[in-house]
Amino acid sequence: MEKSSQPKTRRVLIASSHALFGQGLRSLLEERKETGVVVVGMVANLEEAIESLHSLDPDLIIVDYDDEQLNRDEFLARFVEGEKEQRVVLLSLQSGKEALVYDRRSLAASEIDEWLQDITISEESQDETPKMNQPKTIDGNRRRNMKHLVIAGILVVIVTVGLIIGLENINLLPVQASAQAVPIDNLFGIEFKIIAFLFSLIIVFMIYSIVVFRRKPGDTEDAAHIEGNMKLEVLWTIAPLITVLFLAYLGGQSLAETMRSDPKPLEIKVIGQQWSWRFEYPGTNVVTNIMMMPVNKQAVLTMTSNDVIHSFWVPEFRVKQDILPGGEEFERQIRITPTKMGEYKVRCAELCGQQHAEMRAIVKVVSQEEFESWIIDESGLSDDPVERGMQWTEQYGCLSCHSTDGSKLVGPTWKGVFGNQETLSDGSTVTVDEEYIRDSILNPGANIVQGFSNVMPANFSQQLTDQQITDIILYIESLK
Ligand code: CUA
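1. Comments concerning the pattern of salt bridges
Part 1 of the reasoning: Considering all chains together, one arrives at six salt bridges under this definition.
Part 2 of the reasoning: Lys193 is paired through a salt bridge with Glu168; the nearest N and O atoms lie 3.5 Å apart. Residue Lys193 is located in helix H7 (residues 181-212), and its partner Glu168 is located in helix H6 (residues 136-168); the two are separated by 25 residues in the primary sequence.
Part 3 of the reasoning: The closest approach of N and O atoms between Arg388 and Asp471, which form a salt bridge, is 3.0 Å.

2. Topic: the nonpolar core
Part 1 of the reasoning: Counting 37 residues, the largest nonpolar core has Ile268, Trp277, Phe279, Tyr281, Leu301, Phe312 and Phe317 as the members making the most contacts within it.
Part 2 of the reasoning: Residue assignment for this core shows that the elements contributing at least two residues are strand E6 (266-273), strand E7 (276-281), strand E9 (290-294), strand E10 (299-305), strand E13 (332-336), strand E14 (342-348), strand E15 (360-366) and helix H9 (368-379).
Part 3 of the reasoning: Looking at this core element by element, the count peaks at four residues for E15.
Part 4 of the reasoning: Ranked by size, the runner-up nonpolar core spans 19 residues in total, among them Tyr396, Trp414, Val432 and Leu479.

3. So, the pairing of strand E11 (residues 310-313)
Part 1 of the reasoning: As judged from the four bridges shared by E11 and strand E12 (residues 320-323), these two strands associate in the antiparallel manner. Residue pairing across strands places His310 opposite Ile323, the latter belonging to E12.
Part 2 of the reasoning: Counted along the chain from E11 to the antiparallel partner E12, the turn is six residues long, and its residue Arg318 has a positive phi close to 75°.
Part 3 of the reasoning: With two bridges joining them, E11 and E14 adopt antiparallel strand pairing. Looking at the pairing, Phe312 lines up with Cys348 of E14.

4. Notes on the sheet that holds E15
Part 1 of the reasoning: Here five strands make up an open sheet; going across it, the order is E9-E15-E14-E11-E12 and the pairing mixed. Edge strands, defined here as strands with exactly one partner in the open sheet, are E9 and E12. On average, each strand axis in the sheet is tilted by 25° relative to the strand beside it, whichever way the strands run.
Part 2 of the reasoning: As paired strands, E14 and E15 are joined by six bridges and run antiparallel to one another. For Lys345, the partnering residue across the bridge sits in E15 and is Ile362.
Part 3 of the reasoning: On the sheet, H9 packs against E9 and E15 and is oriented at approximately 135° with respect to E9.

5. Quick notes on the environment of Asn459
Part 1 of the reasoning: Its location among the elements puts Asn459 in the loop between helix H11 (434-442) and helix H12 (460-463).
Part 2 of the reasoning: Residue Asn459 is classed as buried on the basis of its relative accessible area of 17%.
Part 3 of the reasoning: Along the backbone, Asn459 and Asp307 are 152 residues apart, and their C-alpha atoms lie at a distance of 8.6 Å.

6. Concerning the environment of Met206
Part 1 of the reasoning: Tracing the backbone shows Met206 in helix H7.
Part 2 of the reasoning: Each C-alpha atom, one on Met206 and one on Ala152, is 9.9 Å from the other, the two residues being 54 residues apart in sequence.

Rules and cut-offs
Sequence order as written defines residue numbering, which begins from 1 separately in each chain. For a predicted model such as this one, the threshold for reporting local features is a pLDDT of at least 70, and the threshold for listing and counting side-chain atom pairs is 80 or more; totals across whole chains, interfaces and linings nevertheless cover every residue. Note that water and hydrogens are dropped before the side-chain values are worked out from all heavy atoms of the structure. Salt bridges are counted wherever a side-chain nitrogen of Lys or Arg sits within 4 Å of a carboxyl oxygen of Asp or Glu. Secondary structure is summarised from DSSP: a helix means a run of H or I of at least four residues, a strand means a run of E of at least two, and numbering begins at the N terminus for each. To define a nonpolar core, start from buried Ala, Val, Leu, Ile, Met, Phe, Trp, Tyr and Cys residues and group those joined through side-chain atoms within 4.5 Å. Only protein chains enter the accessibility calculation, which uses a 1.4 Å probe; a residue whose area is less than 20% of its type maximum is buried, one above 50% is exposed, and one in between is partly exposed. In this scheme, strands are said to pair when DSSP sees at least two bridges between them. A fitted line through C-alpha atoms represents every axis, and for helices the fit uses only the stretch in contact; the resulting angles, taken between N-to-C directions, go from 0 to 180 degrees. In this analysis, two residues are considered to be in contact whenever any of their non-hydrogen atoms come within 4.5 Å of each other.

In structure tokens form, the structure reads like this:
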């Protein structure tokens, strides 16, 4: 302890065959006389060093690690293990070596202090501990860096585990109600854990660095300029590559599993249009806007759109599919095997215009028996054309744009419209009669009522039979 009260003079000998290396280092050390470091001489090889030992009596020999004309192992053998011990510091201009790094252009003043301090600390500890083959300063740095890495590593593990446990207790996903949801949820679980780890890795190292390595008060120097680290760069390129390939493989497997077809699935045709859903059950004449499904039986949904791109999505079933206009050529399929009875909701998951958010329909998963009796009930049609007309307007989605109670939606209301005089967008007037309504269904863009725009699907002529159109007209006529 007495020693540290009055800094002892440290006699430094520099060994390098490059004159510039020695001169640069000498002026750097002499700028900091207060640390008690004195450069007593410079030698170009081992022989000169041995010769000068007697006259110069150095405490510390700094060896140019990058100098190929010097044999640093001989230096270590001669001085560290020799009969009179001198300490040897290997100094390199490049990082990644088993040596202290010295780069005059980038070494900040604060760091010079640090490695001069290293020399002092190690020298004192050398008095107490048995001699070692390697220069101690390197061990000191290593040990300190190791400590930071171990602490940060432990924090990463704690934060990762905390995130996984914490978020698994929040129900991130709705009820799992289909066989196709199983591989999707498994994949989500794996990805979630990987993401929790990556998040922790980044956040912990960032916050740890901000807190532990923050600038000390009064320190106005620049930080060290680090050129690069080959090992680290290779690691952070290869590791994400392997992770992404692994996830792509799992993703491919899950996709195949969600598309696997059961023998004899139930066929359902799904038609989307602005802004309603229609479901048809081929082989029956059932057309509805509620989707009924028997539990534990695979349904294959063949889907098209009448106008723009929509997207069929029941969150509890997980699978989702965009549906496209353009007829059979653009039909898309998904397979759903419902595993839980109950009522769910189809949502449109593609922004498709004004009422996109309202484009929903009920999905009911029922027992096989209940499904069969529902099909029989639905097939029966009424004898009353007005009642049939009402049924068609529900099934074909007319009511998402036309009200029957006088309120104004995207299209004109039907309440009391029959027989009215309407002003068209070109200023002319027209009487709403059977002919006008038929024309408006078959060719909706031709005569637009003032105050409305041309948004009605133009292909009802292909969807509706003449009888259905007549039923609809009679139904509208009945809405006084
Ligand atoms: Cu259809 Cu959004």
